[in-house]
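# Working through the structure, step by step
Below are the chains, spelled out letter by letter.
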Amino acid sequence: MIENRRTRVRRRVSRALGGITPAGRAVILLGLSSEAVALTLGYAEFRLIAVMCGLLVLVALVLVALPTRVRAQLELRPAHTVAGETGTGLLRVTNLRLAPMWHPLVSIPLDAERADATTQSAHVRLPVLRRGVRVEEEIEVPAVRRGVLQVGPAGARRTDPLGFFQRHAAWSAPVDLFVRPRMVSVESLGPGSVRDLEGVPSDEISMSDLSFHALREYVVGDDLRHVHWRSSARTGRLHVRQYHDTRRSHVVVIVDDTHAAYDHSDDLELALQVAASLVLRVGLDESDLTMVCGPQQVSGPPQQVLDAFCLSTWSLGGDLVVAARTAALVAPDASQVVVVSGGHLDTSLLPEVARAFPDDVRLLTLRADGSGTPAEHTLAGPPLLTVTQLPELPGLLAAYVRGVRL
């Protein structure tokens, strides 16, 4: 904590010193040297030089500190992207000054608040800004890493007429870009649903449900309550109604945030990529969804869950069993549970994780291990898949789902 504060202080001091131009440094040095000579040798002429330098510096500071009369708005479209890809945004600028601004170069700092990173900026050259005319310009924001990237504030470099100082005059408020983990397309997770009259129609045919499918001829043993008498009278043979089974699936994705479960941070990123790919699949299947990763406990649409992954990190105090029990409380109607952990996963915890949910809930465990070997392991408990790189995930899941269906 103390080290972070020192780093922030150093960054602010460095930023302030960086706002002094070579001309400004020369005038300040001349003023200080003249004052030292005047105090040492008593020459009044050097005292006059020091006073003049001080006045020039003061005037330059006042002029460069005056507010800029510009109204600007920075908007990201959309407010999320994927790690390694580029986000897009729109910058709207209106000049409120009487005089036009000639082709200002607007800089947009990226993640300027991070104390452990060198600040980068996106730049865009605007056309002539005339008074009261709004100008719109598209921008691109490189999103290299997963997380929440602060974009802005957008502004331009401002200097005083003497050229002693320069500063980044903020024109707009900063906005957050949610950089999600990389994802791949995977097949459906397979069976793992319960019958529910308020669910969605499945491919299974049933003789009693709410989603009508078709008519067929009566066979001995059919319930006479489902006879379609109008069609039977028209054809002279008994016909009964058939229905689609309506089913509901609630998938719970648990990402193990235990620090000891991962060899290094790359394995955690791989685990989040695996989990995000599964969340994307669940969204396409229109199933209910809950995600638990440490303090991140989200039930809702996939877009909301994917944004929560941007805030996920590992914890020294993480506990997979506690996470499973929390998920069971958050999603008591779960039908499938997917646990994603690292290469050092303690497999002895998996039976305890399974006991946190009802017996009819299907449990699948995936282990993200960049230094391991992709495989499916047979345990006494739930199945375990090892993923060493993201492109392997679709094939491993497809083989697993085929095995479940057989």
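Here the structure is a predicted model, which means the values were calculated and not measured. (Residues numbered from 1 in each chain as written. Predicted model: local features only at pLDDT ≥ 70, side-chain atom pairs only at ≥ 80, totals over all residues. Heavy atoms only, no water.)

### A word on the overall build of the protein
In terms of helices and strands, the protein carries nine helices and 20 strands. Within the protein, the proportion of its 406 residues that are buried is 42%. At a minimum sequence separation of 6, the contacts of the protein that also span at least 24 residues come to 69%. As displayed, the protein offers around 21900 Å² of accessible surface, 56% of which is attributable to carbon and sulfur atoms. (Helix = DSSP H or I, 4+ residues; strand = E, 2+ residues; numbered from the N terminus. Buried < 20%, exposed > 50% of the residue type's maximum accessible area, 1.4 Å probe, protein only. Contact = heavy atoms within 4.5 Å. Areas by Shrake-Rupley, 256 points an atom, 1.4 Å probe, with all protein chains shown as cover.)

### Looking at the sheet that holds strand S1 (residues 70-76)
Read from one edge to the other, the open sheet built from three strands follows the order S1-S3-S6, with strand pairing classed as antiparallel. The open sheet has two edge strands with one neighbour each: S1 and strand S6 (134-142). In this sheet, adjacent strand axes meet at a mean angle of 20° when their direction is disregarded. Of the pairings in the sheet, the one linking S1 to strand S3 (residues 86-95) comprises seven bridges and is antiparallel in character. Bridging from a neighbouring strand, Ala72 pairs with Val93 of S3. (Pairing = 2+ DSSP bridges. Axes fitted to C-alpha atoms, helices over the stretch in contact; angles between N-to-C directions.)

### Examining the pattern of salt bridges
Applying the stated criterion across every chain yields a total of 10 salt bridges. With a shortest N-O distance of 3.5 Å, Arg77 and Glu75 are connected by a salt bridge. Using a relative accessible area of 43% as the deciding quantity, one classes Arg77 as partly exposed. Residue class for Glu75 comes out partly exposed when judged on its relative accessible area of 26%. A salt bridge links Arg92 to Glu136; its shortest N-O distance comes to 3.2 Å. With Arg92 in strand S3 and Glu136 in strand S6, this residue pair connects regions lying 44 residues apart in the sequence. Looking at Glu136, the relative accessible area reads 40%, which means it is partly exposed. What emerges from the salt-bridge pattern is a single network uniting Glu75, Arg77, Arg92, Arg134 and Glu136. (Salt bridge = Lys/Arg side-chain N within 4 Å of Asp/Glu carboxyl O.)

### Notes on helix H2 (residues 22-41)
Compared with an ideal rise of 1.5 Å per residue, which puts 20 residues at 28 Å, H2 spans 28 Å between its outermost C-alpha atoms and is within 8% of the ideal. When we look at burial in H2, the residues that qualify are Gly24, Val27, Gly31, Ser34 and Ala38. Down the axis, H2 shows its buried residues gathered within 95° of arc, on one side only. Among the exposed residues of H2, those pointing more than 90 degrees away from its buried face are Pro22, Leu29, Leu32, Thr40 and Leu41. Contacts from the buried residues of H2 go to helix H3 (44-65). (Expected span 1.5 Å × (residues − 1). Arc of directions from axis to C-beta.)

### Some thoughts on empty space enclosed by the protein
For the structure on display, the rule yields one cavity of 30 Å³ or more. Computed from the structure, the largest cavity encloses a volume of approximately 40 Å³. Around the largest cavity sit Leu189, Gln336, Val337, Val338, Arg362, Leu363, Leu364 and Tyr400, which together line it. A per-class count over the lining of the largest cavity returns six nonpolar, one polar and one charged. (1 Å grid on protein atoms, 1.4 Å probe; cavity = no way out; pocket = protein on both sides within 12 Å on 5 of 7 lines; lining within 4 Å. Points joined across faces, edges and corners; volume = space filled by probe spheres on them. Nonpolar A, V, L, I, M, F, W, Y, C, P; charged D, E, K, R; others polar.)

### Examining unusual backbone geometry
A cis amide bond, omega -10°, links Arg77 with the succeeding residue Pro78. Looking at the secondary structure, you find Pro78 in the loop between S1 and strand S2 (80-82). The residue after Gly152, namely Pro153, is reached through a cis peptide bond having omega 5°. Even without glycine at this site, His103 takes up a positive phi of about 45°. Within the secondary structure, His103 sits in the loop between S3 and strand S4 (105-110). Even without a glycine there, the phi angle at Glu286 is positive, about 60°.

### Some thoughts on the confidence of the model for the protein
A residue-level look at the protein finds 83% of positions with pLDDT of 70 or above and a mean pLDDT of 81. Averaged pLDDT values for the elements of the protein fall to 42 in strand S11 (residues 194-206) and rise to 94 in strand S14 (residues 250-255). Below pLDDT 50 for its whole length, residues 192-213 participates in 70 contacts with residues either more than four positions away or in separate chains. (pLDDT = per-residue confidence, 0-100.)

### Focus: the nonpolar core
Residues Val274, Leu278, Phe309, Leu366 and Leu397 are the most contacted members of the largest nonpolar core, which totals 38 residues. Top contributing element to this core by residue count: helix H5 (residues 265-284), with 10 residues. (Core = buried A, V, L, I, M, F, W, Y, C linked by side-chain atoms within 4.5 Å.)

### Details of the packing of aromatic side chains
Summed over all chains, the structure comprises two aromatic pairs. Summarising the aromatic geometry, the rings of Tyr43 and Phe46 are spaced 6.0 Å apart at their centres and angled 45° between planes, so their arrangement reads as tilted. Look at Tyr262 and Trp314: their rings are 6.3 Å apart centre to centre, the planes differ by 45°, and that puts the pair in the tilted class. Residue Tyr262 is located in the loop between S14 and H5, and its partner Trp314 is located in the loop between helix H6 (302-309) and helix H7 (320-330); the two are separated by 52 residues in the primary sequence. (Phe/Tyr/Trp six-rings, centres within 6.5 Å; stacked < 30°, edge-to-face > 60°.)

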